[in-house]
Amino acid sequence: MKKIDSSNLSPEPQAPLPHVLPPLPFAENALEPVISSKTISFHYGKHHKGYVDNLNKFISGTEYSEMSLEEIIKNTAKKPEKTAIFNNAAQTWNHSFYWKSLTPKGGGEPPATLKKHMESSFGSIDACKKELASAALSQFGSGWAWLVLDGDTLKVIKTGNADNPLTIGMKPLLTIDVWEHAYYLDYQNLRANYVNEVLEKLINWEFAHHNSSK
Ligand code: MN3
């Protein structure tokens, strides 16, 4: 029997790396008093982590295990038999994007280029903020409010549950999570108070500007 020289064998193919929970871009208590560290600790440490863990579990051994997160989202959207993978992939993506849409010293004036774009699309910064608040409040049940680029036009849209603008070919610039777990510990049923406080004090226009110029 021929002896195999193991030094000549190519290494075993590496298992694809699982998706990881990215670090928060701020300390858990950095958004207080608008969003408490208790809310962040559950929202990030339990909800967001849960989506990442479930995604890894559901894609293990499937064609999706080789894909990037965005590819998984685009390839499973609107496929009823892939709902569990889609939901967990999109929620993983949405939450990483949401954390970056918030910053401890947020609100205020958007950067000049974005400001001009908002004024030409909505009339004024305030009108844009009003549309975001209105989308966030009128989303029935769980979902997300988004500032997006649709081609060259700035728009505000809302999506239900895990859905996001990538599935309809729009470029997300920032988002506000309006699932109850995002605000219930701090605001109970008062979604409007949460949304208005976020828009005034935490919203990260720099992040939106950065995404619009990518
Ligand atoms: Mn959430």
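Residues numbered from 1 in each chain as written. Predicted model: local features only at pLDDT ≥ 70, side-chain atom pairs only at ≥ 80, totals over all residues. Heavy atoms only, no water.

### So, the side chain of Asn 164
Move 1: For Asn 164, the location among the structural elements is in the loop between β2 (153–160) and β3 (171–177).
Move 2: Look at Asn 164 and you get buried, because its relative accessible area is 1%.
Move 3: At 3.1 Å, the side chain of Asn 164 forms a polar contact with the side chain of Asn 94.
Move 4: Polar contacts involving the side chain of Asn 164 include one to the main-chain amide nitrogen of Leu 166, which spans 2.9 Å.
Move 5: Aside from chain neighbours lying at most four places away, what touches Asn 164 is Ile 73, Ala 90, Trp 93, Asn 94, Trp 146 and Thr 159. (Helix = DSSP H or I, 4+ residues; strand = E, 2+ residues; numbered from the N terminus. Buried < 20%, exposed > 50% of the residue type's maximum accessible area, 1.4 Å probe, protein only. Polar contact = N/O pair within 3.5 Å; in protein donor to acceptor, adjacent residues only side chain to side chain. Contact = heavy atoms within 4.5 Å.)

### Focus: the pattern of salt bridges
Move 1: Going through the model one piece at a time under the given rule, you end up with seven salt bridges.
Move 2: Here Lys 115 ties to Glu 109 by a salt bridge, and the two come within 3.2 Å at their closest N and O atoms.
Move 3: A relative accessible area of 24% means that Lys 115 is categorised as partly exposed.
Move 4: One continuous salt-bridge network, built from bridges that share partners, spans Asp 126, Lys 129 and Glu 200. (Salt bridge = Lys/Arg side-chain N within 4 Å of Asp/Glu carboxyl O.)

### Regarding the packing of helix α4 (residues 112–122) against helix α8 (residues 205–212)
Move 1: Contact geometry of α4 with α8 gives a least axis separation of 9 Å together with a crossing angle of 85°. Looking at the two axes, α4 sits roughly perpendicular to α8. Along the contact surface, α4 presents Thr 113, Leu 114 and Met 118, while α8 presents Trp 205, Ala 208 and His 209.
Move 2: Grouping the constituent residues of the contact of α4 with α8 by class yields four nonpolar, two polar and no charged. (Axes fitted to C-alpha atoms, helices over the stretch in contact; angles between N-to-C directions. Parallel < 35°, antiparallel > 145°, perpendicular 65-115°, else oblique. Nonpolar A, V, L, I, M, F, W, Y, C, P; charged D, E, K, R; others polar.)

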